Each structure stands twice: as structure tokens, then as C-alpha cells.
Amino acid sequence: MESGEAPDSRRETAAERNDRNLGELIQELRVAGLGVQVLFGFLLSLPFTTRFSQLSIGQRDLYLTCLVLSAMATTLLVGPVAYHRLVFRRGMKEPLVRFANLLAILGLTAVGAAVLAAVLLVTWYVAGALAGGLITAVIGITVGGLWFAVPLVSRRGTDG
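Residues numbered from 1 in each chain as written. Predicted model: local features only at pLDDT ≥ 70, side-chain atom pairs only at ≥ 80, totals over all residues. Heavy atoms only, no water.

Caption draft 1: Structural detail: the overall build of the protein. Counting its secondary structure elements, the protein contains four helices and zero strands. Listing the helices and strands of the protein from first to last along the sequence gives α-α-α-α. By principal-axis analysis of the C-alpha atoms, the protein measures approximately 60 × 35 × 20 Å. Looking at the protein as a whole, 27% of its 160 residues qualify as buried. Looking at the protein alone, contacts between residues at least 24 apart form 70% of all its contacts between residues at least 6 apart. When the accessible area of the protein is evaluated, it comes to approximately 10400 Å², of which 67% is carbon and sulfur surface. Mean positive and mean negative side-chain charge positions of the protein (14 and 11 charges, respectively) differ by 7 Å. (Helix = DSSP H or I, 4+ residues; strand = E, 2+ residues; numbered from the N terminus. Buried < 20%, exposed > 50% of the residue type's maximum accessible area, 1.4 Å probe, protein only. Contact = heavy atoms within 4.5 Å. Areas by Shrake-Rupley, 256 points an atom, 1.4 Å probe, with all protein chains shown as cover. Lys, Arg positive; Asp, Glu negative; His and termini not counted. Charge placed at Lys NZ, Arg CZ, Asp CG, Glu CD.)

Caption draft 2: The packing of helix α2 (residues 57-87) against helix α3 (residues 93-127), seen in detail. Closest axis-to-axis distance for the α2/α3 pair is 8 Å, and the angle between their directions is 160°. When the axis of α2 is compared with that of α3, the two are roughly antiparallel. Crossing hand, α2 versus α3: left-handed. Its residues placed into classes, the contact of α2 with α3 shows 28 nonpolar, six polar and no charged. (Axes fitted to C-alpha atoms, helices over the stretch in contact; angles between N-to-C directions. Parallel < 35°, antiparallel > 145°, perpendicular 65-115°, else oblique. Left-handed = near helix turned anticlockwise from the far one by under 90°. Nonpolar A, V, L, I, M, F, W, Y, C, P; charged D, E, K, R; others polar.)

Caption draft 3: Main features of the pattern of salt bridges. In this structure the tally under the stated criterion is four salt bridges. E94 is the salt-bridge partner of R98, the closest N and O atoms lying 3.3 Å from each other. With R98 and E94 both in helix α3 and four residues apart, this pair spans about one turn of that helix. One connected set of salt bridges, linked through shared partners, spans E12, R20 and E24. (Salt bridge = Lys/Arg side-chain N within 4 Å of Asp/Glu carboxyl O.)

Caption draft 4: Local environment of the layout of surface pockets. Here the second largest pocket is characterised by a volume of approximately 160 Å³. Forming the walls of the second largest pocket are F42, L46, T49, R51, F52, L55, L121, V122, Y125 and V126. In terms of residue count, the dominant contributor to the lining of the second largest pocket is α3 (four residues). (1 Å grid on protein atoms, 1.4 Å probe; cavity = no way out; pocket = protein on both sides within 12 Å on 5 of 7 lines; lining within 4 Å. Points joined across faces, edges and corners; volume = space filled by probe spheres on them.)

Caption draft 5: How the structure looks around a nonpolar patch on the surface. The grouping of L108, L146, W147 and V150 at the surface amounts to a nonpolar patch, some 370 Å² of accessible area in total. At three residues, the largest contribution of residues to the nonpolar patch is made by helix α4 (residues 129-155). Position of L146 among the secondary structure elements: in helix α4. (Patch = residues over 30% accessible without salt bridge, like charges linked within 9 Å, V, L, I, M, F, W, Y side chains within 5 Å.)

Caption draft 6: Region of interest: the packing of helix α1 (residues 14-45) against α3. Relative orientation of the contacting elements α1 and α3 amounts to 25°, with a least axis distance of 10 Å. Judged on the interaxial angle alone, α3 and α1 are roughly parallel. The hand of the α1/α3 crossing is left-handed. Between α1, through N18, D19, N21, L22, L25, L29, A32, V36 and L39, and α3, the contact on the second element is made entirely by K93, E94, L96, V97, A100, N101, A104, L108, V111, A114, V115 and A118. Of the residues belonging to the contact of α1 with α3, the class tally is 15 nonpolar, three polar and three charged.

Here it is as C-alpha cells:
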């Protein structure tokens, strides 16, 4: 067992653990990837609507930020698939799992930022800048807490 890894009562080989970890990660990436792809698709269609021209310059800048964050999230969350295809059957599952885990964390960060940017854009447009900022702040605290703070605090007691 490597330092920093929590003890595990499973009786599995390193290869079995890597297979299980990759399978779990792929399932998680499917969920996150689908959500960000829906957001990205919606954002790609927005400029072609008649009301898009009514956005202020700041709202258009925010739209572009959201679009770029969504594209980055999609790229990061699909990255492990490309990596897997290119190293398939080369005995590189452990490096794949480690790299895919990093991409997943970065991808989730980008998804969170894209969601917050999208919420701010829509709430700003519908309810004004102040209401949009407040609503986005509440959602940002929730995302930051549930996606990052709670898991990081929870794992403190298990670090070796």
C-alpha cells in the first residue's frame, strides 16, 4: 500500500483494484459528462436566439466565460477516455487511473465554475445583478461545500 492510501479490507490484487477504480471512475465521469454536455449544447445555441442581442456587454463576457468553462469541463471529463484508448493493452492501468482521477477533479472544478457562471448569467438577466450575485453565491457555497469541502474534511481521518 502506498503512503496516503487508506487501508482497505478487500482482498484484491493491484490489478483488480485498478480495474475496480477505473470502473468506478468511468461511471462517475458518465454522470458529470452528461450534465456538462447538456449545458454546453444549450450554450452553443444561445447566440442564435433573438434575445441574445439584448445581453449587456458584461453579460456577453459572462456568456463567453461560461462557454469556455463548459468546453474545458467537457475536455477534461472526456480526457480519460482518450487516454484509455491510446494506452489500451499496454499495461498502463495504474497511471491511467491516477491521471484520470486528476482530470476528473479538474473537470468537476470546471463544471462547478461553468454552472455558477450559467446561473449568474441567467439570474442577472432575469432578476438583476444583485439578485443574480446573491443567488449564485448561495449556490457557489453549496457546490464548494458538497463537492469539495465535505469530502476533503471527511478524508482527513483516513489519511495515513
